[in-house]
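Listed here are the chains, written in short residue letters.
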Amino acid sequence: MKYLSTRGHADRKRFCEILLEGLAPDGGLYLPESYPQVDDATLTRWRSLPYADLAFEVLSLYIDDIPADDLRAICRKTYTEAVFGTKEIVPLRPLENGLYLEALSNGPTLAFKDMAMQLLGNLFEYELARRGEQLNILGATSGDTGSAAEYAMRGKQGVRVFMTSPYGRMSPFQQAQMFSLQDANIHNLAVKGVFDDCQDIVKAVSNDLDFKRQYKIGTVNSINWARLVAQVVYYFAGYFQATKNNSEKVSFTVPSGNFGNVCAGHVARMMGLPIDKLVVATNENDVLDEFFRTGVYRVRGSADTHETSSPSMDISKASNFERFVFDLLGRDGAKTKALFGEQLNKTGQFDLSQDPAFAQAHQRYGFSSGKSTHANRLATIKDTFERFGGMIDTHTADGLKVAREHLSAGVPMIVLETALPIKFASTIVEALGREPDRPAKFEGIENLPKRVTVLEADVQAVKAYIVTHCK
Ligand SMILES: *Cc1c(COP(=O)(O)O)cnc(C)c1O
């Protein structure tokens, strides 16, 4: 299996070459040259596999430069009941008739990003050891991504994490989650500024190519192909739980921000998993809903990016969306480059409404979309608690609200649960008048000793910290 860039670069690379890389050299995103096809007999064979072995089967279609026994061992080490809370790893929970929640949020940081990031930690450790190399991961977080990365990389050989976050601006629970980690290879840098300052610092350091090379700086953002392919697995696992045989179809609704999660659903569908619809659910930041309704993709400025109660979906542009558009345009790299590499930079938008390809987004690729607001979120959390006795988080609530607008008779609808309510306690209190349930292992984490360094919002300060802490 070789990988190509969505912007038409001539290079072809193998999995382990792109594992530790971000963008392709031409600024595009990596995708496999073709999607491996999964036939009826294979689906039948996969139906009864434990999650870790299903993960191995899916991943081995995309990874041919890690020996099979090693890859299987990595999958078995990653997807355990001890780490993810249940034997099923991603159990389905039924709501009303034909509607299910798929639990993706019982990993170490209680958000679905653990599903991919835990695998990435083990893949990084394996590949770095094989090469005899080291990697210093530099990131910026306002919450979920940073903690998922830290919990995935803690204690791993060859990897250090330097995670910047806006000083005093994360929720007490999120701060406790990250700052209580005592592992020597994890460095929390609280920057006196806002999230954008953190992101600007990361960009400035990454743009200093000499520094980047000398200090082996890398990232783990959501455009990493390994994260995406790890997420493909739970679409298969959800399908198998909701159906009895392969003639049945299911639909998925996915709370979306950067389009990483639902893009994995698109890949699963392209492989032949019988998915009817892929429903993209957004919050007030409705860049993606707007595209699927109108054909216009219009990125937002920071003034038009709302701070909402489902903050992990507060995006101004969707960094993985280019992958889908590349497929939608018949894998035309030149056209994708003209849209994402040129037109978006110049005008902040592009319009496919008159392009015959746009109708295919719905007809051939099965996409639809919808949007949910703060009021919808509160009502959905309350209604779910009253009727089913379960608490859901704000992002999952956006998904559930939109899913109910896209049901079709006889087709099970699976809503991906992307976080647990404890992470967003103040909105739960607003909706239910009581605190969310807290998993036992998180009792009292706010009182644990914290390991964090406060720095000025200054590129030099962050560089100096890295230099003194990366040997
Ligand atoms: C990251 C995240 C999302 C958005 O996922 P994308 O892959 O960016 O679309 C949704 N919900 C939660 C809780 C998240 O952490």
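Above: the structure in question.
Nothing here was measured: the structure is a model prediction, and the numbers come from that model.

K.L.:
So, the packing of aromatic side chains: which residues are in play, and what are the values?
P.N.:
The final tally for this structure, using the stated rule, is 31 aromatic pairs. Relative to Phe-321, the ring of Phe-259 lies with its centre 5.3 Å away and its plane at 85 degrees, an arrangement referred to as edge-to-face. Taken as a pair, Phe-259 in the loop between strand E9 (250–255) and helix H12 (260–270) and Phe-321 in helix H14 (residues 321–328) lie far apart in primary sequence, 62 residues in all. Summarising the burial analysis for this pair, Phe-259 and Phe-321 share the class buried. Put simply, the rings of Phe-259, Phe-291, Phe-292, Tyr-297, Phe-321, Phe-324, Phe-340, Phe-350, Phe-358, Tyr-365 and Phe-367 touch in pairs and so form one group of aromatic residues. The ring centre of Phe-56 lies 4.3 Å from the NZ or CZ of Arg-72, which sits over that ring. Directly above the aromatic system of Phe-211 lies the positively charged group of Lys-463, at a separation of 5.2 Å from the ring centroid.

K.L.:
Let's hear about the pairing of strand E6 (residues 159–166): which residues, and what values?
P.N.:
Within E6, eight of the eight residues are buried, leaving the element largely enclosed by the surrounding structure. Residues Val-159, Val-161, Met-163 and Ser-165 line one face of E6 and the alternating positions Arg-160, Phe-162, Thr-164 and Pro-166 line the opposite face, and both faces are buried. For the segment spanning strand E5 (residues 135–140), helix H7 (residues 144–153) and E6, crossover handedness is right-handed. One ladder, built from six bridges, connects E6 with strand E7 (residues 186–192); its direction is parallel. Residue Phe-162 lies in a different strand from E7, and its bridge partner there is His-187. In this fold, the crossover linking E6 to E7 by way of helix H8 (residues 172–179) has right-handed handedness.

K.L.:
For the pairing of strand E13 (residues 367–371), give the residues involved together with the corresponding values.
P.N.:
Counting buried residues along E13, four of its five residues qualify, which places the element largely inside the surrounding structure. Examined bridge by bridge, strand E10 (residues 275–282) and E13 share five bridges and lie parallel to one another. Bridge assignment links Val-280 to a residue of E13, and that residue is Ser-369.

K.L.:
Provide a residue-level description of the site of the ligand, including the pertinent values.
P.N.:
Residues in contact with the ligand amount to 15 residues; listed here are only the nearest, Lys-113, Asp-144, Gly-257, Asn-258 and Asn-261. Phe-259 has a polar backbone atom sitting 3.1 Å from an oxygen atom of the ligand. Taking 390 Å² as the accessible area of the ligand by itself, protein coverage stands at 96%. The residue inventory of the shell around the ligand, partitioned by class, reads five nonpolar, eight polar and two charged.

K.L.:
Account for the environment of Phe-173, with residues named and values stated.
P.N.:
Within the element layout of this structure, Phe-173 appears in helix H8. Between the C-alpha atoms of Phe-173 and Ala-425, which are 252 residues apart in sequence, the distance is 8.9 Å. Beyond its immediate sequence surroundings of up to four residues, Phe-173 is in contact with Leu-110, Ile-422, Lys-423, Arg-438, Phe-442, Ile-445 and Glu-446.

K.L.:
Any details on the side chain of Asn-122? Residues and values, ideally.
P.N.:
If you trace the backbone, Asn-122 turns up in helix H6 (residues 113–131). The exposure class assigned to Asn-122 is buried, which follows from its relative accessible area of 7%. Excluding its chain neighbours within four sequence positions, the residues that come into contact with Asn-122 are Ile-74, Lys-77, Thr-78 and Lys-156.

K.L.:
Tell me about the layout of surface pockets, residues and numbers included.
P.N.:
Taken as a whole, the second largest pocket holds about 340 Å³ of empty space. Together, 19 residues line the second largest pocket, and Leu-49, Pro-50, Tyr-51, Lys-87 and Glu-88 are the ones closest to its centre. Of all the elements in the fold, those that place two or more residues in the lining of the second largest pocket are helix H2 (40–47), helix H3 (51–60) and helix H11 (225–242). Of the residues belonging to the lining of the second largest pocket, the class tally is eleven nonpolar, four polar and four charged.

K.L.:
How would you sum up H11? Please name residues and give values.
P.N.:
With 18 residues, H11 extends 27 Å from end C-alpha to end C-alpha; this agrees with the ideal 26 Å at 1.5 Å per step. H11 sits mainly inside the fold: 17 of its 18 residues count as buried. Capping the start of H11 is the job of one residue whose side-chain oxygen sits 2.8 Å from the backbone nitrogen of Ala-226: Asn-224.

K.L.:
Lay out the pattern of salt bridges with the relevant residues and their values.
P.N.:
Where charged atoms of side chains with opposite charge meet at close range, the side chains can pair. If you walk through the whole model with that rule in mind, you get 32 salt bridges. Put simply, Glu-290 and Arg-298 hold a salt bridge, and the shortest N to O gap is 3.1 Å. On the basis of relative accessibility, which here comes to 14%, the residue Glu-290 falls in the buried class. For Asp-383, the salt bridge goes to Arg-387, with nearest N and O atoms at 3.0 Å. Of the two residues, Asp-383 and Arg-387 both sit in helix H17 (residues 374–388), four residues apart, roughly one turn of that helix. Each member of the salt-bridge network shares a partner with another, and the members are Asp-286, Glu-290, Arg-298, Arg-300 and Lys-371.

K.L.:
Quick one: what's the story with unusual backbone geometry, residue by residue and with numbers?
P.N.:
With a phi close to 60 degrees, Leu-110 is a non-glycine residue in the positive phi region. By the secondary structure assignment, Leu-110 is in the loop between strand E4 (99–103) and H6. For Leu-110, a relative accessible area of 2% corresponds to the buried category. A positive phi angle, close to 60 degrees, is found at Arg-331, a residue other than glycine.

K.L.:
Please provide a residue-by-residue account of the sheet that holds strand E15 (residues 453–456), values included.
P.N.:
Strand order in the open sheet made by the five strands is E8-E5-E6-E7-E15, with parallel pairing throughout. Edge positions in the open sheet fall to strand E8 (217–218) and E15, since each of these has one partner strand only. Note: E5 against E8, two bridges, orientation parallel. Counterpart to Asn-136 in the pairing with E8 is Ile-217. Each of E5, E6 and E7 touches H7; the most contacted strand, E6, lies at about 160 degrees to it. Most of the contacts of helix H20 (residues 459–469) go to E15, to which it runs at about 140 degrees, and overall it touches E5, E6, E7, E8 and E15.

K.L.:
Describe the sheet that holds strand E3 (residues 92–94), listing the residues and the values that go with them.
P.N.:
An order of E3-E4-E14-E9-E10-E13 is seen for the six strands of this open sheet, with the pairing classed as mixed. Edge strands, defined here as strands with exactly one partner in the open sheet, are E3 and E13. Geometrically, the sheet is characterised by an average inter-axis angle of 25 degrees between neighbouring strands, direction not taken into account. In the sheet, E9 pairs with strand E14 (residues 413–417) via three bridges, with the strands oriented parallel.

Rules and cut-offs
- Residues numbered from 1 in each chain as written.
- Predicted model: local features only at pLDDT ≥ 70, side-chain atom pairs only at ≥ 80, totals over all residues.
- Heavy atoms only, no water.
- Phe/Tyr/Trp six-rings, centres within 6.5 Å; stacked < 30°, edge-to-face > 60°.
- Helix = DSSP H or I, 4+ residues; strand = E, 2+ residues; numbered from the N terminus.
- Buried < 20%, exposed > 50% of the residue type's maximum accessible area, 1.4 Å probe, protein only.
- Lys NZ or Arg CZ within 6 Å of the ring centre and 35° of its normal.
- Right-handed = clockwise from strand over helix to strand, strands pointing away.
- Pairing = 2+ DSSP bridges.
- Near = heavy atom within 4 Å.
- Polar contact = N/O pair within 3.5 Å; in protein donor to acceptor, adjacent residues only side chain to side chain.
- Areas by Shrake-Rupley, 256 points an atom, 1.4 Å probe, with all protein chains shown as cover.
- Nonpolar A, V, L, I, M, F, W, Y, C, P; charged D, E, K, R; others polar.
- Contact = heavy atoms within 4.5 Å.
- 1 Å grid on protein atoms, 1.4 Å probe; cavity = no way out; pocket = protein on both sides within 12 Å on 5 of 7 lines; lining within 4 Å.
- Points joined across faces, edges and corners; volume = space filled by probe spheres on them.
- Expected span 1.5 Å × (residues − 1).
- Salt bridge = Lys/Arg side-chain N within 4 Å of Asp/Glu carboxyl O.
- Axes fitted to C-alpha atoms, helices over the stretch in contact; angles between N-to-C directions.

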